[in-house]
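Here is what each chain is made of, one letter per residue.
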Amino acid sequence: MATNIFGRSRRRLTLLYAIIMVLFLAVLIFTVRSTMEWAITSEQARELLDTAHDVSDVQEYIAGHPGSIPDETPEYKSSNDRLFFYVFDEDGRLVNFARASFRIEPFILDQIAAWQSAEDEVVVFTQGGQKPRPTKLMMTSKVIRLGDGVQTVYVGKDITALYYGLEKATYALAVTGVLMLIIALVIAHLLSGRAMIPLKTAYEKQRQFAADASHELRTPLAVVMASADLLENDPSIQSPFLKQVIADVRDEVKKMTKLVSDLLLVARSDNQALKLKPSKFDFAAVIGQTVRLMAPLAEQKQIKIVADNLPRTIVHADEAKLKQLVLIFVDNAVKYTPTGGQVTVQLLPADKGQVRFSVQDTGIGIAPADQEKIFDRFYRVDKARSREMGGNGLGLAIAQELVKLYNGHIGIQSALGEGTTFTISLHLPGK
């Protein structure tokens, strides 16, 4: 039990750390990629705008000095260069150009024909359907106002390689991040294990103390109980006050004896020291015997316990532990069912190798928020009522440990004011 608790805690800590690291890694990759994209595109945009102004200056000079070419005229680029420009007059005629690649030129001309962006605005276009990857183009425009008309310069650049390099850098960053994350998780798992060592030691000492104390208290409590029984039957004691005191002592000793027995059982379950003593018996008879045992307590509260027509069910299990299991649920149902209510115990159909039974009451019910906690040790939904009825908050916790011995499951259906139904499934090989 202790191993499971600390194992689950260790896994939860590692999982929480993993979630935090994954979120941190995702934010880091997104931030780095966005920063790199901004740096690349802003630099390319600046270069593109500078080129557009240079081409505009040259084109304006050529228009003002026909037949001459200035010394600073940019060298026209070949069709394989990534940088290109096209100059159109106001009638849409192509005046000058440095052609782009024939592969992307039709797409560029289509974008120029549909151009709606403002002057000096840098726009990125994506040409889909390209293999092995889509083409990305960055373009801008510059208007040249001449004395006899207007010309428009469209300057662009193929930045596909830059984006492809950015994607590869992002993938490399992600792979590196995942590897670092795995290493960090392994280290975190090891460190969380080391952090659990003091907790395990403290828990083990506490568990051992509970086991030792419970074991040592059983003998003196038995002596006190025997002494109380003798005093209760002593004819020389006639005082009503003394008789009441003796009865109260006896009741409190019974409660303490039950608490000590429960603590000892819990301590043994933690230490995996619960031993099964299997034998063949009729489970229906065990349920019937338990119901008869609880009948006097139920009659005091005018509660009807129904356990009729239980089919004969031969099982191979520990009879004492199954009896204790049934007793816990029936006792719990009687305690939390108001006067005049009903408790129903049924044997349910089950697959081969299994046995299923249910305990249904018309009691106060359990709120959804409490249903996950009722199997915790010392947890009580209504603490005042539990103390009044002698409950110690260990019954359902012990029931869960007994069910685990048979790899079983406890189902619960409940609503406030409408009662509760516990369905217990057990794997019994001899069934």
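Now for a description of the structure that goes with this document. This is a predicted model, so every value here is computed, not measured.

Cut-offs and rules
Residues numbered from 1 in each chain as written. Predicted model: local features only at pLDDT ≥ 70, side-chain atom pairs only at ≥ 80, totals over all residues. Heavy atoms only, no water. Buried < 20%, exposed > 50% of the residue type's maximum accessible area, 1.4 Å probe, protein only. Helix = DSSP H or I, 4+ residues; strand = E, 2+ residues; numbered from the N terminus. Arc of directions from axis to C-beta. Contact = heavy atoms within 4.5 Å. Pairing = 2+ DSSP bridges. Axes fitted to C-alpha atoms, helices over the stretch in contact; angles between N-to-C directions. Left-handed = near helix turned anticlockwise from the far one by under 90°. Nonpolar A, V, L, I, M, F, W, Y, C, P; charged D, E, K, R; others polar. Salt bridge = Lys/Arg side-chain N within 4 Å of Asp/Glu carboxyl O.

**What to know about helix α2 (residues 105-113)**
Among all positions in α2, only Glu105, Phe107, Ile108, Gln111 and Ile112 are buried. One side of α2 carries all its buried residues, which in axial view fall inside an arc of 160°. Turned more than 90 degrees from where α2 packs its buried face, Asp110 and Ala113 sit exposed. On its buried face, α2 sits against β1 (83-89), β3 (123-127), β4 (135-146) and β5 (149-158).

**A few points about the sheet that holds β1**
Strand order in the open sheet made by the 5 strands is β2-β1-β5-β4-β3, with antiparallel pairing throughout. Taken across any chain shown, the strands that pair with only one partner, and hence form the sheet edges, are β2 (94-98) and β3. Averaged over all pairs of adjacent strands, the angle between strand axes in this sheet comes to 20°, irrespective of strand direction. Sheet strands in contact with α2 are β1, β3, β4 and β5, and its direction is about 45° off that of β1.

**Focus on the packing of helix α6 (residues 319-335) against helix α9 (residues 395-405)**
Remark: α6 packs on α9, axes separated minimally by 10 Å, with the N-to-C direction vectors making an angle of 145°. α9 is crossed by α6, and the crossing has left-handed handedness. In contact with Lys321, Gln324, Leu325, Ile328, Phe329 and Asn332 of α6, α9 contributes Gly395, Leu396, Ile398, Ala399, Leu402, Val403 and Leu405. Classifying every residue of the contact of α6 with α9 gives 9 nonpolar, 3 polar and 1 charged.

**Quick word on the pattern of salt bridges**
Using the criterion set out here, one finds 13 salt bridges in the structure. One salt bridge connects Asp50 with Arg46, and the closest N-O pair in it is separated by 2.9 Å. Linking Asp50 with Arg46, this pair stays in helix α1 (residues 2-64), spanning 4 residues, or about one helical turn. For Glu119, the salt bridge identified is with Lys142, shortest N-O distance 3.6 Å. Pair noted here: Glu119 is in the loop between α2 and β3 and Lys142 is in strand β4, with a separation of 23 residues, a long-range link. Among the charged side chains, a salt-bridge network with shared partners connects Glu43, Arg46 and Asp50.

**Focus: the pairing of strand β12 (residues 419-427)**
Burial analysis of β12 places 7 of its 9 residues in the buried class, the great majority of the element. Sheet topology places strand β10 (residues 354-361) next to β12; 8 bridges connect them, and they run antiparallel. Its bridge partner lying in β12, Val359 is registered against Phe422. Bridge count for strand β11 (residues 409-415) against β12 is 7 bridges, and the pairing is antiparallel. Within β12, the position partnered with Ala415 by the bridge is Gly419. The loop that links β11 with its antiparallel partner β12 comprises 3 residues; one of these, Gly417, has a positive phi angle of about 80°.

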